[in-house]
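For reference, the chains in residue letters:
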Amino acid sequence: MSGAEGEANTTAQVAELSGAQRAMQEAEKKKEMEALIRKRGGKKQVNPEDPHAFWDTMPVPKLSAPDLEADPDGDVGPMEEKTLDQVRQEPYDLPSVDFEWCSMDVTDDAQLAEIYTLLFENYVEDDDNMFRFDYSTNFLRWALMPPGYLPEWHVGVRMTTKKKKSKLVGFITGVPANVQTGESIMPMCEINFLCCWKKLRGKRLAPLLIKEVTRRVNLTGIWQACYTAGVVLPKPITVCRYYHRSLNPKKLIDVDFSRLAPRMTMKMTKKLYEVDKQTRLPGIRPMTEEDVPSACELLNKYLSKFQLHPVFDHDEFRHWLFPREGVIQSFVICNAEGVVTDFLSFYALPSTIMNHPNYTSLNAAYSYYNVATTVEWDALMMDGLILAKQRDFDVFNALDLMDNKEFIEKLKFKPGDGNLQYYLFNWRTKEITPQETALVLL
Ligand code: MYA
């Protein structure tokens, strides 16, 4: 069955669903969402009724709010409407004179090094505090300097400490993006890298960083944002799950990233995860400048079938998808006319392995945006695994969004214990499934 036939069939089937079936599906979806919300990072429990001193004051739906589809009074759209003259002109007050706001200039290597160090020492860890993301400086330049970026959206807090006159202790970033949710394409801000020095945790610096970046973004006439987090906040529009494909099972087991399966020896495990040395798909090669227009068109067309996705112009596409050594890799297959028909990309995000005698770094590749039109999904992504293995990655990670389920099981990905919740700021919309989601935030 071709993809087009499959789609037509599905549409007809959906149209035939009786009201009762649809209600049952809705109830099922709601139950799944509630179960996922209760589960926090796989371990901690979340009660949707718990108060959130900060988030309860922000234009986001409450955790206990009904899904828009089940709410007869609910409208898709902004939760709060402001005009520029209502935006506060002065920065928010910081706790004491020892603190000050700054905009971080990522073109300045010294400031970039400060950001790198703050994140290297304090950014996201797994639940068991064994691994911590280690974003490279080249990665940070890529992530923070897309077309139209504004230095003022890279917000820092500096503090005078006994050791240092001015230490970066808090950080949050926004970058501009056009994002489509449902029927609406909007200029938004993608928020990332919220981080607070470990010694200042639990002191409500995060709400100040979020309010300050909101103020600075609002001053440019932008009122919506998207972000992801491992924690459950009011209120996710979807909850995705990470899947992991071992490429170096021995190391992954040695560092406790994964475990030897029952009745499997290390030799059998290595064999199970072995991949070919060379790619298999004829003509697959790194993307070049000439591919940009047709690859951009292919990706935008593919993304448009989802409920949440970025919309790229050529400059943005070039920025986000063009290969950068050690940061992002992208590959294409073209037809006889030189038009890109299939596309594959992954980015490099290592994690520090904390407290291990032999290893200090886990080399992880993350699936980014992929499109398969002339080859099967598993064939395309198998080449992704081979290309990642050639580059010495230990593991290839993918979320269960877009069409990733088409290859996740076939290619022996295993579910991780972390969830990634997706959020929109100041935009009420219906909840969506991971398979309706096509936004990858770094
Ligand atoms: S996700 C990555 C987040 N970073 C980390 O996990 C790094 C390690 N952790 C830390 O550095 C700290 O624990 C952080 C919190 C800084 C996260 N997103 O200051 P506090 C709420 C949003 O006492 P701390 C990413 O970067 C928490 O529910 N809120 O807490 C996307 C509580 O509020 P409430 C969070 O632990 C970020 C309050 O903060 C998060 O010292 C998207 C407690 O503050 C979180 N990840 O510091 C940000 N974690 O009482 C939103 C905790 O109400 C952007 N909290 O429950 C919104 C859009 C803004 C732009 C809008 C433009 C239009």
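Residues numbered from 1 in each chain as written. Predicted model: local features only at pLDDT ≥ 70, side-chain atom pairs only at ≥ 80, totals over all residues. Heavy atoms only, no water.

### Concerning empty space enclosed by the protein
Counted only if it meets this: Here a cavity denotes grid points, spaced 1 Å and computed from the protein atoms alone, that fit a 1.4 Å probe unable to get out, and a pocket denotes an open set having protein on both sides within 12 Å along at least 5 of 7 lines; residues with an atom within 4 Å of a point are the lining. Grid points are joined across faces, edges and corners, and a volume is the space filled by probe spheres set on the points. Helix and strand definitions follow DSSP, with helices as H or I runs of at least four residues and strands as E runs of at least two, each counted in order from the N terminus. In this count, Pro and Cys sit with the nonpolar residues alongside Ala, Val, Leu, Ile, Met, Phe, Trp and Tyr, while Asp, Glu, Lys and Arg are called charged and the others, Gly among them, polar.
Under the criterion given, the structure shown has one cavity of 30 Å³ or more. Tyr242, Tyr347, Ser367, Leu399 and Val440 are the residues nearest the centre of the largest cavity, which is lined by 15 residues in total. Where the lining of the largest cavity is concerned, the elements lending two or more residues are strand S16 (364–367), strand S17 (395–399) and strand S18 (414–425). Ranked by residues supplied to the lining of the largest cavity, first place goes to S17 with three residues. A breakdown of the residues in the lining of the largest cavity according to their chemical character gives 11 nonpolar, four polar and no charged.

### Concerning unusual backbone geometry
Applicable threshold: Any residue under 20% of the maximum accessible area for its type is buried, any over 50% is exposed, and the rest in between are partly exposed; the area is computed with a 1.4 Å probe on protein chains only.
The step from Pro234 to Lys235 runs through a cis peptide bond, and the omega angle for that step is -25 degrees. Topologically, Lys235 is positioned in the loop between strand S8 (225–229) and strand S9 (238–246). Of note in the backbone geometry, Arg204 takes a positive phi value of approximately 65 degrees without being a glycine. Topologically, Arg204 is positioned in the loop between strand S7 (184–196) and helix H5 (205–218). The phi dihedral of Lys412 is positive, around 70 degrees, even though this residue is not glycine. With respect to the secondary-structure elements, Lys412 resides in the loop between helix H11 (405–408) and S18. Owing to a relative accessible area of 30%, Lys412 belongs among the partly exposed residues under this scheme.

### So, the domain arrangement of the protein
The condition is simple: Bear in mind that the domain bounds are from an automatic or database domain assignment. We call two residues contacting when some pair of their heavy atoms lies within 4.5 Å. Buried area is a sum: the accessible area each of two parts loses on coming together, probed at 1.4 Å, counted once for each and added.
Split by domain assignment, the protein resolves into domain 1 (84–235) and domain 2 (239–436). Across the contact, 40 residues belong to domain 1 and 37 residues belong to domain 2. Summed over both sides, the interface of domain 1 with domain 2 buries roughly 3600 Å², with 60% coming from carbon and sulfur. By the criterion of area lost to domain 2, the three top residues of domain 1 are Phe131, Trp142 and Tyr227, representing 21% of everything that side buries.

### Some words on the site of the ligand
We apply this condition: A molecule or strand has a residue near it when one of that residue's heavy atoms lies within 4 Å. The definition of a polar contact used here is a pair of N or O atoms within 3.5 Å, where within protein one atom must be able to donate a hydrogen and the other to accept one, and adjacent residues in sequence count solely through side-chain atom pairs. Accessible areas in this description were obtained via Shrake-Rupley with a 1.4 Å probe; residue shielding takes into account the shown protein chains only.
The immediate surroundings of the ligand are formed by 33 residues, with His52, Trp55, Leu194, Gly202 and Ala206 found nearest. In the model, an oxygen atom of the ligand is placed 3.3 Å from a nitrogen or oxygen of the Phe193 main chain. Note that an oxygen atom of the ligand is positioned 2.7 Å from one of the backbone N or O atoms of Gly202. Bound to the protein, the ligand loses 87% of the 1200 Å² it would expose on its own. Contributions of two or more residues to the shell around the ligand are made by S7, H5 and S8. In the shell around the ligand, the residues fall into 22 nonpolar, eight polar and three charged.

### Considerations on the side chain of Thr437
Within the secondary structure, Thr437 is located in the segment after S18. Thr437 has contacts with Thr238, Phe306, Leu308, Leu401, Met402, Tyr422 and Ile432, leaving out every residue within four places of it along the chain.

### Some thoughts on the pairing of strand S12 (residues 328–334)
Put simply, the test is: Two strands are said to pair when DSSP picks up at least two bridges between them.
Taking burial as the measure, the seven residues of S12 include six buried ones, the bulk of the element. Summarising the sheet, S12 and strand S13 (residues 340–348) pair through seven bridges and their orientation is antiparallel. From the neighbouring strand, Val332 faces S13, where its bridge partner is Phe343. Taken together, S12 and the strand that follows it, S13, pair antiparallel across an intervening segment of five residues, in which Gly338 is found at a positive phi of about 85 degrees.

### Quick look at the packing of helix H8 (residues 292–303) against helix H9 (residues 314–321)
Applicable threshold: Helix axes use the C-alpha atoms of the stretch in contact, all axes being lines fitted to C-alpha atoms, and the angles between their N-to-C directions lie in the range 0 to 180 degrees. Convention used here: angles under 35 degrees read as roughly parallel, angles over 145 as roughly antiparallel, angles from 65 to 115 as roughly perpendicular, and any remaining angle as oblique.
Where H8 contacts H9, the axes come no closer than 10 Å and their chain directions differ by 90 degrees. The pairing of H8 with H9 is recorded here as roughly perpendicular in orientation. Taken together, the residues of H9 that come into contact with H8 (itself represented by Val292, Pro293, Ala295, Cys296 and Leu299) are His314, Phe317, Arg318 and Leu321. For the contact of H8 with H9, the residue count by class is seven nonpolar, one polar and one charged.

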